[in-house]
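Report on the structure
Chain by chain, the residues run as shown.
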Amino acid sequence: MSKITDQITAIAEPIVAGLDVELVDVEFLKEGSNWFLRIYVDTEAGIDISECAAVSREISEKLDELDPIEQNYFLEVSSPGAERPLKKKRDFERAIGQFINVKLYEPFEDSKEHEGYLKAYDGETVTVTIDDQDIDFDISKIAMARLAIQF
């Protein structure tokens, strides 16, 4: 499915940029018998429903014109939420100092999941402060990283 998400990303990026919105992520998933194309967008100040609706209208028109997806699907455009994913270099740089959750492909200290404060990111290494200890994770070992809400 990454081919479809790559195609949709290429279609959506100029549209959202023209609306002064950031494209955060694109997912194409099957849930039950239905397919969903989910496009997550945001702005520095947060995003509201009218901005999501504007993005949805423009992307829907372009997808109808180009028809890059064979099967029927539901288009959803929304905010990435409080626990937004960290995927791009810019995402990590903006999240420095914030509490994050990191899921690894292989266990580190008997766990694949770790939470702490993002201390640094240099493009290859993510440094997270966990219990007053700085731990470096190679970006290639990270399956998923996202902002986290600390309880």
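Along each chain, residues carry numbers from 1 onward, in the same order as the chain's sequence is written. In view of the model being predicted, local features appear only for residues whose pLDDT reaches at least 70, and side-chain atom pairs are presented and counted only at 80 or more, with totals across whole chains, interfaces and linings using the full set of residues. Working from all heavy atoms in the structure, the side-chain values ignore hydrogens and water.

1. So, helix α1 (residues 2–18)
Which entries qualify depends on this criterion: Think of it this way: any DSSP run of H or I at least four residues long counts as a helix, any run of E at least two long counts as a strand, and we number them from the N terminus. Here a helix's expected span is defined as the number of its residues, less one, multiplied by 1.5 Å. Note on definitions: a residue-residue contact is assigned when non-hydrogen atoms from the two residues lie within 4.5 Å.
A rise of 1.5 Å per residue sets the reference length of α1, with its 17 residues, at 24 Å; its end C-alpha atoms lie 24 Å apart and thus fit the reference within 8%. Elements that come into contact with the buried residues of α1 comprise β1 (22–31), β2 (34–42) and α2 (49–66). Following α1 by one or two positions, D20 adopts a phi angle in the positive range, close to 60°.

2. A short note on the nonpolar core
How we decide: Residue types Ala, Val, Leu, Ile, Met, Phe, Trp, Tyr and Cys, when buried and joined through side-chain atoms within 4.5 Å, form a set referred to as a nonpolar core. For the exposure calls, accessible area comes from a 1.4 Å probe over protein chains only, and a residue counts as buried if that area is under 20% of its type's maximum, exposed if over 50%, partly exposed in between.
Grouped together as the largest cluster of nonpolar side chains are 21 residues, with contacts concentrated most on I8, L37, I39, V41 and I59. Secondary structure elements with two or more residues in this core: α1, β1, β2 and α2. The element best represented in this core is α1, accounting for six residues. Excluding anything up to four places from it in sequence, V41 contacts V16, V21, E22, L23, V24, I47, C52, V55, V77, S78, S79 and P80.

3. So, the side chain of R84
In plain terms, the rule: Polar contacts, as counted here, are pairs of nitrogen or oxygen atoms within 3.5 Å of one another; within protein the pair requires one atom able to donate a hydrogen and one able to accept it, and residues that are adjacent in sequence qualify only if both atoms are side-chain atoms.
Among the structural elements, R84 can be located in the loop between β3 (74–78) and α3 (89–94). Of note is the side chain of R84, whose polar atom sits 3.4 Å from the side chain of D91.

4. A few points about a negative patch on the surface
Quick note on the threshold: Patch members must show over 30% relative accessible area and no salt bridge, and they are joined within 9 Å when carrying like charges or within 5 Å when they are nonpolar side chains of Val, Leu, Ile, Met, Phe, Trp or Tyr. Computed by Shrake-Rupley with a 1.4 Å probe, the accessible areas treat only the displayed protein chains as cover when residues are assessed. The salt bridge definition used is simple: a Lys or Arg side-chain nitrogen within 4 Å of an Asp or Glu carboxyl oxygen. Only four residue types enter the tally: Lys and Arg on the positive side, Asp and Glu on the negative side, with His and both chain ends excluded. A single reference atom marks each charge: NZ on Lys, CZ on Arg, CG on Asp, CD on Glu.
Taken together, E58, E61, D64, D67 and E70 make up a surface patch of like negative charges. Inspection of the secondary structure assignment puts E70 in the loop between α2 and β3. Residue classification places E70 among the exposed positions, given a relative accessible area of 80%.

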